[in-house]
Amino acid sequence: MTPPADAPVVAALGSPETAPQVARLAAREAAGHGRPLRLLHAFNWSAALEDPSVVGPRARAEELLEGAAATAGEAEPAVPVSGEIVEGAPVAVLVRRSESAFLVVIGDGGMARCGACIPADAPAVQLAARAGCPVLVVRPEPPPQGPVLVGVDGSRSSRTALAFAFGCAARRSARLLAVRVVEPPPEDRPPATGPPPGPGPHGTSGRPDAYDRHGLDSAHAELADLVARCGGRHPEVPVECHVVVGDPGRVLVEQSRSAQLTVVAPRGDEPLRGMLGAVSQSLLYHSPAPVIVVRGLVATAPGGA
């Protein structure tokens, strides 16, 4: 779908520790897209009733909202900001609001620091799987001033993510790093727990000599052609294209360590509601950079139309 012109950026405020960073990045996204910002806190009455005083939790929720609004105003004074406390489970509330939002911004709940654990029930993961619009998952620490990274596998949804990533890079005056990962044959794949492959020549990594050189060159040419066609609206954005041999999730997580933002499609050619692919999950769990899972948008024409 195409979001309406007045569709807001929605910032999901969780704990007092994460709310300032979420509000700050959400305000910047709202400013970059020319959208209003709506701060949202889901208030759980069941939990509040277990508190010695119901007034206490409600007052803390209002303080959280007021503090986030102040942070957003400091970051982007020109952005219209409104706030709302909504009763209900956070994920359910945010999924509903995502149907009329341009973008939903949410904290990662500590996922990037969880090591080998797989928190499939984390709110950010559930929202990224079920939302009706793109979802930006914010990390606790500010990202470096690196490129905007986007994973491209040639699928329709990854082309939509590529077009979205061009816009993100343009608004940040950043270069775009488009990466296509080619998986090696099963017998040549490294153990899942091993280190990512190191960089190789000509924008490849791993052991290019072990694979079909023509196939790698063809993949690089296809990626470069797709980038050229999708980037028609943003000729000012410098772009690097790389084809990498390895496990897609591990490679993109490693590449994201120097990125200021990572953009990914939810799941190949089947971005079904309630589902995330292995690559988007790996980035949500382990990337130190903020991640945007692009869903709910129509595929962009290759020419940028």
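In the block above lies the structure referred to throughout.
Let me begin by describing the structure that accompanies this report. Just so it is clear, the model here is predicted, and its values are computed rather than measured.

Observations regarding the packing of helix H8 (residues 248-255) against helix H9 (residues 278-286)
For any two helices packed against each other, the geometry is given by the interaxial angle and the distance between the axes. Their axes nearest at 8 Å, the elements H8 and H9 cross at an angle of 40°. On the basis of the axis angle, H8 is oblique to H9. With respect to the hand of their crossing, H8 and H9 are arranged in right-handed fashion. Contacts between H8 and H9 involve Pro248, Gly249, Leu252 and Val253 on the former and, on the latter, Val279, Ser282, Leu283 and His286. Grouping the constituent residues of the contact of H8 with H9 by class yields 5 nonpolar, 3 polar and no charged.

Let's talk about the sheet that holds strand E6 (residues 148-151)
Ordered by their spatial adjacency, 10 strands build an open sheet running E3-E2-E1-E4-E5-E10-E9-E6-E7-E8, and the pairing between neighbours is mixed. The sheet terminates laterally at strand E3 (81-87) and strand E8 (239-245), the two strands that pair on one side only. Put simply, the sheet's adjacent strands are angled 20° from each other on average, direction ignored. Relative to strand E5 (residues 135-138), strand E4 (residues 103-107) runs parallel, the two sharing 4 bridges. Directly across from Val105, in E5, lies its bridge partner Leu136. Relative to E4, helix H5 (residues 123-130) is tilted by about 165°, and along the sheet it contacts E4, E5 and strand E10 (291-293). Those strands touched by H8 are E6, strand E7 (176-182) and E8, and its axis lies near 155° from that of E7.

Rules used in this analysis
- Residues numbered from 1 in each chain as written.
- Predicted model: local features only at pLDDT ≥ 70, side-chain atom pairs only at ≥ 80, totals over all residues.
- Heavy atoms only, no water.
- Axes fitted to C-alpha atoms, helices over the stretch in contact; angles between N-to-C directions.
- Helix = DSSP H or I, 4+ residues; strand = E, 2+ residues; numbered from the N terminus.
- Parallel < 35°, antiparallel > 145°, perpendicular 65-115°, else oblique.
- Left-handed = near helix turned anticlockwise from the far one by under 90°.
- Contact = heavy atoms within 4.5 Å.
- Nonpolar A, V, L, I, M, F, W, Y, C, P; charged D, E, K, R; others polar.
- Pairing = 2+ DSSP bridges.

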